[in-house]
Amino acid sequence: MPIIKIEEQRPRTADEKARLVDLLFSVLRQTLGVNPNELQARYQTFEPEDFYPPTGAGEYLGIEITLFAGRSLDVKRRLYERVVAEVAQARQVNPSRILVLLREEPLDNWGLHGGHAATDLKFDYAIAI
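Everything numeric here is computed off the predicted structure, so don't read it as measured data. (Residues numbered from 1 in each chain as written. Predicted model: local features only at pLDDT ≥ 70, side-chain atom pairs only at ≥ 80, totals over all residues. Heavy atoms only, no water.)

A. Broad picture of the pairing of strand E1 (residues 3-8). Pairing analysis gives six bridges linking E1 to strand E2 (residues 40-45), with the strands arranged parallel. Along E2, the bridge assignment pairs Ile6 with Tyr43. Crossover handedness for the path E1 to helix H1 (residues 14-32) to E2: right-handed. Pairing between E1 and strand E3 (residues 61-68): six bridges, direction antiparallel. Bridge assignment links Glu8 to a residue of E3, and that residue is Leu61. (Pairing = 2+ DSSP bridges. Helix = DSSP H or I, 4+ residues; strand = E, 2+ residues; numbered from the N terminus. Right-handed = clockwise from strand over helix to strand, strands pointing away.)

So, in structure tokens, the structure goes:
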């Protein structure tokens, strides 16, 4: 049940936003094997006075991914590498200008599918990979 939050300063068209969300969903499906029906995203752009990237960062993109806890460090490394490589290529931005923040929540912190604790549900993909 990954939830993606994308933040940047530069305004984007609806098509540009959709392409980036689709790209990130594809990476999550390929790297983590998650069900595409459970992916969610939020996209937010900010005015220059409301967004403070690292000094001298120029174009900067923050990608936060919240998901169930349980993936190994090797899987997380592959996820970071793929997200940055694919986003940098698609957006023609320096990879060092992309931040990926992974937030892992235990299954008992998720209430979904009609108010059930995720720990009580079965998913059609592996979490502990």
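B. Quick peek at the sheet that holds E2. Within the open sheet, the four strands sit side by side as E2-E1-E3-E4. Their pairing is mixed. The strands lining the two open edges of the sheet, one partner per strand, are E2 and strand E4 (98-105). The sheet shows a mean angle of 15° between the axes of neighbouring strands, direction not considered. Direction of pairing for E3 relative to E4: parallel, over a ladder of eight bridges. Across the sheet, the residue bridging to Leu67 is Glu104, located in E4. Sheet strands touched by H1: E1, E2 and E3. Its angle to E2, the strand with the most contacts, is close to 140°. Together, E1, E2, E3 and E4 form the strand contacts of helix H2 (residues 73-91), whose direction differs from that of E4 by roughly 145°. (Axes fitted to C-alpha atoms, helices over the stretch in contact; angles between N-to-C directions. Contact = heavy atoms within 4.5 Å.)

C. Quick peek at the packing of aromatic side chains. Summed over all chains, the structure comprises two aromatic pairs. An aromatic cluster is present here, built from Phe46, Phe51 and Tyr60 joined pairwise through their rings. (Phe/Tyr/Trp six-rings, centres within 6.5 Å; stacked < 30°, edge-to-face > 60°.)

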